[in-house]
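Summary of the model geometry
So the chains spell out like this:
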Amino acid sequence: MSSVFKAILFFSAIISFTGIYSQERAGLVLGQYNGVNALSLNPANSFNSANNWDVQLGGAHLFMQTNYGFVTQSNLFKLLKNHESVFIPERRSDIITHPDTMVMRFNENGNTRADLKAEILGPGFLFRFREKYTLGLSTKFRSLAQNFNIPQLANFYVAQNLAIDSTYSFPSSKASALAWAEINLHFGVAINESLNLGATAKYLGNYFSTYGQIDSDFDFSQFAQDEYDIISGGSFTIAYPENVEAGPPGIGLDLGVTIKDVFQENSTLGLSILDVGIVKNKGEKITYLFDTDLVLDSENY
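Residues numbered from 1 in each chain as written. Predicted model: local features only at pLDDT ≥ 70, side-chain atom pairs only at ≥ 80, totals over all residues. Heavy atoms only, no water.

What about the packing of aromatic side chains?
Summed over the entire model, instances satisfying the criterion amount to 14 aromatic pairs. Centre to centre, the rings of Y68 and F106 are 5.9 Å apart; their planes meet at 85°, and the pair counts as edge-to-face. In this pair, Y68 is assigned in the loop between β2 (59-66) and β3 (69-71) and F106 in strand β4 (residues 104-106), connecting sequence segments 38 residues apart. The exposure class assigned to F106 is buried, which follows from its relative accessible area of 5%. For the pair F106 and F156, a centre-to-centre distance of 4.2 Å together with 20° between the ring planes defines the contact as stacked. Taken together, the residues span a long stretch of sequence, with F106 in strand β4 and F156 in helix α4 (residues 156-160) at a distance of 50 residues. A single burial state applies to F106 and to F156, both of which are buried. (Phe/Tyr/Trp six-rings, centres within 6.5 Å; stacked < 30°, edge-to-face > 60°. Helix = DSSP H or I, 4+ residues; strand = E, 2+ residues; numbered from the N terminus. Buried < 20%, exposed > 50% of the residue type's maximum accessible area, 1.4 Å probe, protein only.)

So this is what it looks like as structure tokens:
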């Protein structure tokens, strides 16, 4: 079992976080009493509030999802309390003797995905004046890590059953991750009773970023339990900051519009462009070359 996980970790080290997205919590930010929190989905949502002012003391958001695998006969609290009791079968066909056993099952059909998003919300406020303007200020710390294209070869059951002396192609991919802080200035204007516009200007404190890319597909074959022969050469690039201290600041912008009574009475159509901006880190960018003379031993990874 350990050699299988080492093989998966080896290949996972060079696959990608293919995108960075920020909205997975519509139910927490829509409504009449969400205030500052509603601006994360659309800056024009400042006019949705039933109150003329709103104060945010703090908060936290955490979102995780994956179709790489799942645990049967479980829930979040049971899994956290009894995670050491989870049974991980080496093959999908393994027989489970007790029906209440928590079992880790894995996807083996096609590419899979996983993503994790976390936010710590700091103090903030929002108030409406002259009936047609809103102004606010808020702070938060954010981090994102995502992979929406884990190659099928890296899925557990597939990686575990690679045939000796068979050739496989590992696809090209990209990787990135980012952690940063925001100081957000919010402004909104009501053009009329139906049309509202909003904007959020962001001062970004950059704490960590990393990037990796496999430039092209490469072929390999497994000729022993933990050893792989590279058949086609290629290169991969890794970039990382010089240290974990905060990098130079960046800027960002959110824009949004809401239109009321579009399809029927009491309906609202919202459109927004979010997280447009830039941050930079000073650091190293290294390109590694590998060729057909390379033999990889996953026991070393």
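Description of the confidence of the model for the chain
The predicted coordinates ought not to be read in detail in places where the model reports low pLDDT. The share of residues in the chain with pLDDT of 70 or more is 88%, and the mean pLDDT across the chain is 81. Within the chain, helix α1 (residues 2-12) has the poorest average pLDDT of any element, 43, and strand β13 (residues 250-260) the best, 94. (pLDDT = per-residue confidence, 0-100.)

Focus: the environment of F106
In sequence terms F106 and V71 are 35 residues apart; their C-alpha atoms lie 8.8 Å from each other. If we ignore the near neighbours within four places in the chain, the residues touching F106 are Y68, G69, I88, R92, F156 and Y157. (Contact = heavy atoms within 4.5 Å.)

Quick look at the pairing of strand β1 (residues 53-56)
Of the two faces of β1, the one holding D54 and Q56 is buried and the one holding W53 and V55 is not buried anywhere. Where β1 lies against strand β5 (residues 112-129), four bridges are found, and the strand directions are antiparallel. Considered in β5, the bridge of V55 is made with F125. (Pairing = 2+ DSSP bridges.)

Some details on the pattern of salt bridges
Here the structure, examined in full by the defined rule, presents eight salt bridges. The salt bridge involving E119 is made with R142; its shortest N-O contact spans 3.3 Å. On the criterion of sequence distance, the pair formed by E119 in strand β5 and R142 in strand β6 (residues 133-150) is long-range, its members being 23 residues apart. Owing to a relative accessible area of 4%, R142 belongs among the buried residues under this scheme. Ionic contacts of the salt-bridge type, sharing partners, join the residues E119, K140, R142, E182, K202, D254 and D275 into one network. (Salt bridge = Lys/Arg side-chain N within 4 Å of Asp/Glu carboxyl O.)

What about the sheet that holds strand β11 (residues 227-230)?
Taken in spatial order, the four strands of this open sheet run β7-β10-β11-β16, and their pairing is antiparallel. Only two strands of the sheet have a single neighbouring strand rather than two, namely β7 (167-170) and β16 (295-297). Recorded for the sheet is a direction-independent mean angle of 35° between the axes of neighbouring strands. Across four bridges, β7 lies against strand β10 (residues 218-222) in antiparallel orientation. Along β10, the bridge assignment pairs T167 with S221. (Axes fitted to C-alpha atoms, helices over the stretch in contact; angles between N-to-C directions.)

Thoughts on the nonpolar core
The biggest cluster of nonpolar side chains holds 12 residues, and these are L153, V158, L162, Y168, F170, I214, F218, F220, Y228, I230, F290 and L296. Broken down by secondary-structure element, the contributors of at least two residues to this core are β7, β10 and β11. Excluding residues within four positions of it along the chain, L162 makes contact with L153, Y168, F220, Q222 and Y228. One finds Y68, V86, M102 and F156 within the second-largest nonpolar core, a separate group that totals nine residues. (Core = buried A, V, L, I, M, F, W, Y, C linked by side-chain atoms within 4.5 Å.)

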